[in-house]
Amino acid sequence: MKVLVLNCGSSSLKYQLFDMTSEEVLAKGLVDRIGIEGSTIKHTKTGQASVSSTTDIPNHKVAIRLVTEHLLDANHGALSSLNELSAVGHRVVHGGEKFAKSVVIDQEVLDVIEDCVPLAPLHNPANLMGIRAVLDVLPDVPQVAVFDTAFHQSMPPKAFTYGLPYHYYEESRLRRYGFHGTSHFYVANRTAEILGRPIDELKIVTCHMGNGSSIAAVDGGKSVDTSLGFSTVPGILMGTRAGDLDPVMVLHLMEQEGISPKAMSHILHKESGVLGISGISSDLRDIEEAASTGNERATLALEMLCYGVRKYIGAYAAAMGGIDAIVFTAGIGENSILVRQMVGEGLDFLGASLDISRNNIRGKEAIISTDNSRVKILVVPTNEELVIARDTRTLVNG
Ligand code: AMP
């Protein structure tokens, strides 16, 4: 069974073709600058060199058509006919309160994704464009939506409700939703496999740290709290997003400086976080380098990031009434030896002891706590595409 996994942005489309018998990736690629001058496609058949080309790609429909042409290509393709394609799985950012699980896409599902556009105005419209493009180009292929928010739908009301007048929740659905759910789900389950213990016995804090970051408390395989909220701004410091703030300070700033809601949103999403504090870059590699040469604001950004993660680990251990494992994933979590060390050191009071030499790895699965650490600390590279492909296989096979 072959499944195509798509992650559609407003001007980009990432894809991976899976053979779901072996769960191997047969080919993958990126279509970039859709609808913008100089559109490109980069396609890689597993085991071969990548092929790239620049061509006119005015919309997602043309992008999907181009992807199918590459997948059928005699030299670098991975399908002999489109009939081999059993299903398409989409990453969809927001499923609101309707979807606690992945679903086969029909008109009703499309309507709900559309209803959730106000909750994810940048992402859901792009996801919808991708789904509709596949409907046009591959009308007979079933499609599945896998939501970033779904895994966190198990949070109890005490964790997802904000302290605003309750009617704002009832009428406007203002609540914590959380994101990166597919990643938290994958690394929590993989952790249980690595530790050889049933997930329903484990209390895990999963730290997804990339350009966007979130921490989740996963108790018995269910998300019970997470650091992102209604939006993708709160929680720990991110590349360009602010993390936790006092909302009154934002109102104060807007009033004092005459900043419009749109401009404020830009500040919170694009000018804050590691970039805003350091004034150097949103990329943690640049920050680590600057900090190593004594740059004070780079050092502050690094310290704020790691301090924030430590606070969430402590809070979530208390929230769950215990902790068995701490897991690092995504670009920073998988690769930054320094960040893992700064977060992990001095957590012995929780029963978590980092092994400095085991921590000296990048981008691969490892247990990085000492042998006698009661709480295991792990690095688990995330694999959201595999979760999407698996859910798609399960749903399409009925
Ligand atoms: P992601 O959004 O998951 O792709 O993660 C992107 C983040 O990972 C960026 O801030 C990168 O600087 C960071 N990152 C990637 N590789 C490294 C590395 N070797 N050391 C530190 N940070 C890294």
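Going by the structure above, here's the rest.
Thresholds, definitions, all that
- Residues numbered from 1 in each chain as written.
- Predicted model: local features only at pLDDT ≥ 70, side-chain atom pairs only at ≥ 80, totals over all residues.
- Heavy atoms only, no water.
- Helix = DSSP H or I, 4+ residues; strand = E, 2+ residues; numbered from the N terminus.
- Rg over C-alpha atoms; globule rule 2.2 N^0.38 Å.
- Buried < 20%, exposed > 50% of the residue type's maximum accessible area, 1.4 Å probe, protein only.
- Contact = heavy atoms within 4.5 Å.
- Areas by Shrake-Rupley, 256 points an atom, 1.4 Å probe, with all protein chains shown as cover.
- Lys, Arg positive; Asp, Glu negative; His and termini not counted.
- Charge placed at Lys NZ, Arg CZ, Asp CG, Glu CD.
- Patch = residues over 30% accessible without salt bridge, like charges linked within 9 Å, V, L, I, M, F, W, Y side chains within 5 Å.
- Salt bridge = Lys/Arg side-chain N within 4 Å of Asp/Glu carboxyl O.
- Pairing = 2+ DSSP bridges.
- Axes fitted to C-alpha atoms, helices over the stretch in contact; angles between N-to-C directions.
- 1 Å grid on protein atoms, 1.4 Å probe; cavity = no way out; pocket = protein on both sides within 12 Å on 5 of 7 lines; lining within 4 Å.
- Points joined across faces, edges and corners; volume = space filled by probe spheres on them.
- Nonpolar A, V, L, I, M, F, W, Y, C, P; charged D, E, K, R; others polar.

### Side note on the overall build of the chain
Thinking step 1. Per the secondary structure count, the chain includes 14 helices and 14 strands.
Thinking step 2. Taking 398 residues into account, the globule formula puts the C-alpha radius of gyration at 21 Å, and the chain, at 21 Å, falls close to it.
Thinking step 3. For the chain, the C-alpha atoms occupy an extent of roughly 60 × 55 × 45 Å along the three principal directions.
Thinking step 4. Counting only residues that meet the buried cut, the chain has 51% of its 398 residues in that class.
Thinking step 5. Looking at the chain alone, contacts between residues at least 24 apart form 61% of all its contacts between residues at least 6 apart.
Thinking step 6. Entry remark: accessible area of the chain is about 18,100 Å², with carbon and sulfur atoms responsible for 51%.
Thinking step 7. Taken together, the 35 basic and 46 acidic charged side chains of the chain have centroids lying 3 Å from each other.

### Considerations on a negative patch on the surface
Thinking step 1. Together, Asp-106, Glu-108, Asp-111 and Asp-115 line one region of the surface with negative charge.
Thinking step 2. Relative to the helices and strands, Asp-115 is located in helix H2 (residues 107-115).
Thinking step 3. By relative accessible area, which is 47% here, Asp-115 ends up partly exposed.

### What to know about the sheet that holds strand S12 (residues 325-329)
Thinking step 1. The six strands are arranged S11-S10-S9-S12-S14-S13 in an open sheet whose pairing can be described as mixed. Strand pairing shows two members of the sheet lacking a second neighbour, strand S11 (222-226) and strand S13 (366-367), which therefore form its edges.
Thinking step 2. Bridge analysis of S13 against strand S14 (residues 376-379) gives two bridges, and the strand direction is antiparallel. Pairing of Ile-367 across the sheet is with Leu-378, part of S14.
Thinking step 3. Relative to the sheet, helix H6 (residues 181-195) contacts strand S9 (203-209), strand S10 (213-219), S11, S12, S13 and S14, its axis offset from that of S9 by approximately 130°.

### Side note on empty space enclosed by the protein
Thinking step 1. Under the defined criterion, the tally for this structure stands at one cavity of 30 Å³ or more.
Thinking step 2. As a volume, the largest cavity reaches approximately 40 Å³.
Thinking step 3. Along its surface, the largest cavity is lined by Tyr-162, Leu-164, Pro-165, Tyr-168, Tyr-169 and Leu-174.
Thinking step 4. The residue makeup of the lining of the largest cavity, split by class, is six nonpolar, no polar and no charged.

### Observations concerning the pattern of salt bridges
Thinking step 1. Taken as a whole and assessed by the stated rule, the structure comprises 15 salt bridges.
Thinking step 2. Note that Asp-219 and Lys-203 form a salt bridge whose closest N and O atoms lie 3.3 Å from each other. Of the two residues, Asp-219 is situated in strand S10 and Lys-203 in strand S9; the sequence distance between them amounts to 16 residues.
Thinking step 3. Here Asp-355 makes a salt bridge to Arg-358, at a shortest N to O gap of 3.7 Å.
Thinking step 4. Looking at Arg-358, the relative accessible area reads 30%, which means it is partly exposed.
Thinking step 5. In the salt-bridge network here, residues are joined through shared partners; they are Glu-23, Arg-390 and Arg-393.

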